[in-house]
Amino acid sequence: MTVLSVNLNKIALLRNARGEGKPDLAAAARTCVAAGCAGITVHPRPDQRHVRPADVAELAVLTRELGVEFNIEGNPFAPAQGSYPGFIALVEQARPTQVTLVPDADAQLTSDHGFAFPDDAARLAPLVRELAPLGCRVSVFVDAGLRAFDGLHALGIRRVEIYTGPYARAWAAGNGDAALAECAACAEAAMAAGLAVNAGHDLDQTNLGPLRAAVPQLAEVSIGHALIGEALYAGLDATVRAYVDLLKQDGRRGRRP
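What counts as what
Residues numbered from 1 in each chain as written. Predicted model: local features only at pLDDT ≥ 70, side-chain atom pairs only at ≥ 80, totals over all residues. Heavy atoms only, no water. Buried < 20%, exposed > 50% of the residue type's maximum accessible area, 1.4 Å probe, protein only. Helix = DSSP H or I, 4+ residues; strand = E, 2+ residues; numbered from the N terminus. Arc of directions from axis to C-beta. Contact = heavy atoms within 4.5 Å. 1 Å grid on protein atoms, 1.4 Å probe; cavity = no way out; pocket = protein on both sides within 12 Å on 5 of 7 lines; lining within 4 Å. Points joined across faces, edges and corners; volume = space filled by probe spheres on them. Nonpolar A, V, L, I, M, F, W, Y, C, P; charged D, E, K, R; others polar. Polar contact = N/O pair within 3.5 Å; in protein donor to acceptor, adjacent residues only side chain to side chain. Pairing = 2+ DSSP bridges. Axes fitted to C-alpha atoms, helices over the stretch in contact; angles between N-to-C directions. Right-handed = clockwise from strand over helix to strand, strands pointing away. Salt bridge = Lys/Arg side-chain N within 4 Å of Asp/Glu carboxyl O.

Peer 1: An account of helix α1 (residues 9-18) is needed here, citing residue identities and associated values.
Peer 2: Buried within α1 are the following residues: N9, I11, A12, R15 and N16. Along the long axis of α1, the arc covered by the buried residues comes to 155°, so they all point the same way. More than 90 degrees from the buried face of α1, the exposed residues found are L14, A17 and R18. The secondary structure elements touched by the buried residues of α1 are β1 (3-7), α2 (25-34), β2 (39-42), α3 (53-66), α10 (225-234) and α11 (236-248). Positive backbone phi, at 70°, marks G19, one or two positions downstream of α1.

Here it is in structure tokens:
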């Protein structure tokens, strides 16, 4: 079954807007887990615009206590800046279940592309070797058009996360079939190379069902922006439960916007 990991970045962004401690990330994580999600995701950036190193440390402990996966996303090449210790150092301290490597520049508003293989394999290889002793499953963020996955498993990479932003935009415009087929082809190529498949970015309750129908082998979806936005109206507990229920369906449920 495909599991849900809830990204808490937007809750941290809301908290930081006041410079105080509310809303509380730990309380949000507990609510999400009680509602049935299988994991918590964060994407700490060097500018600390949302999730901060102290949050990562707290959530690392909490997710172990709750018995769910902890996924840290980020640019593996991000160095130490001020109180940000650098991405690899952050992972070394937190020891998450999964690390998702994303080619984010510091100034990017959000993730908007994946690593290119085989071109990026050589520069990622030493970083993946650093992560291996930490016990983290390594996943890499990739575009849906990618098909070149040979050799990634040998590097120590175990999953890919398909960037679903283009699919979500196409679906919203009413012409998502081609983008959906591209996601499915990407997943098939990755699985043929011995990799499991995650997906994330701009997924919501209207487009998630069709994606899962097209890629029934999806291991995990990571959802934050849409889920937190929907929770403003329906509540966090109810919204997480709705996503978990959606993932339990046969994958055909979904509605055109």
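Peer 1: Describe in detail the layout of surface pockets, supporting the description with residues and values.
Peer 2: Reported here for the largest pocket is a volume of approximately 520 Å³. Lining the largest pocket are 24 residues, and of these N7, K10, T110, H201 and H225 lie nearest its centre. Secondary structure elements with two or more residues in the lining of the largest pocket: α1, β8 (220-223) and α10. Partitioning the lining of the largest pocket into residue classes produces seven nonpolar, eleven polar and six charged. Considering only enclosed or pocket space, the second largest pocket measures out at about 230 Å³ in volume. Lining the second largest pocket we find K10, I11, L13, L14, H225, I228, G229, A231, L232 and L236. Mapped onto the lining of the second largest pocket, the elements with two or more residues apiece are α1 and α10. Broken down by element, the lining of the second largest pocket gets its largest block of residues, five residues, from α10.

Peer 1: An account of the side chain of H43 is requested, with residue identities and associated values reported.
Peer 2: In this structure, H43 sits in the loop between β2 and α3. Among the polar contacts listed, one links the side chain of H43 to the side chain of E73, at a separation of 3.2 Å.

Peer 1: I'd like a description of the sheet that holds strand β4 (residues 98-101), backed by residues and values.
Peer 2: Spatially, β1-β2-β3-β4-β5-β6-β7-β8 is the arrangement adopted by the eight strands of the closed barrel, whose pairing is parallel. In this sheet, adjacent strand axes meet at a mean angle of 25° when their direction is disregarded. Strand contacts of helix α5 (residues 121-131): β4 and β5 (137-143), with the helix running at about 165° to β4, the strand carrying the most contacts. Running over the sheet, α11 touches β1 and β8 and is turned about 150° from β1.

Peer 1: With reference to specific residues and values, describe the pairing of β2.
Peer 2: The two faces of β2 match: G39 and T41 on one face and I40 and V42 on the other face are all buried. In terms of strand pairing, β1 meets β2 through three bridges, oriented parallel. Of the residues in β2, the one forming a bridge with V6 is I40. By the bridge criterion, four bridges tie β2 to strand β3 (residues 69-74) in an arrangement that is parallel. From the neighbouring strand, G39 faces β3, where its bridge partner is E69. Taken together, β2, α3 and β3 constitute a β-α-β crossover, and its handedness is right-handed.

Peer 1: Quick rundown of α2? Include the residues and the values.
Peer 2: For α2, the complete set of buried residues consists of L25, A26, A28, A29, C32 and V33. Mapping the buried residues of α2 onto a view down its axis gives an arc of 160°, with all of them on the same face. Where α2 is buried, its residues touch β1, α1, β2, α3 and α11. With a side-chain oxygen lying 3.2 Å from the backbone nitrogen of A26, the N-terminal cap of α2 falls on D24. A positive backbone phi angle near 115° is found at G36, which sits one or two residues after α2.

Peer 1: Summarise the pattern of salt bridges; cite the residues concerned and give the values.
Peer 2: Enumeration over the complete set of coordinates arrives at eight salt bridges. Between E69 and R137 there is a salt bridge, with its nearest N and O atoms 2.8 Å apart. You can see E69 sitting in strand β3 and its partner R137 sitting in strand β5, a full 68 residues away along the chain. Across the salt bridge formed by D237 and R241, the nearest N and O atoms sit 2.8 Å from each other. In this pair, D237 and R241 both sit in helix α11, four residues apart, roughly one turn of the helix. We classify D237 as partly exposed; its relative accessible area is 33%. Given the relative accessible area of 42%, R241 is considered partly exposed.

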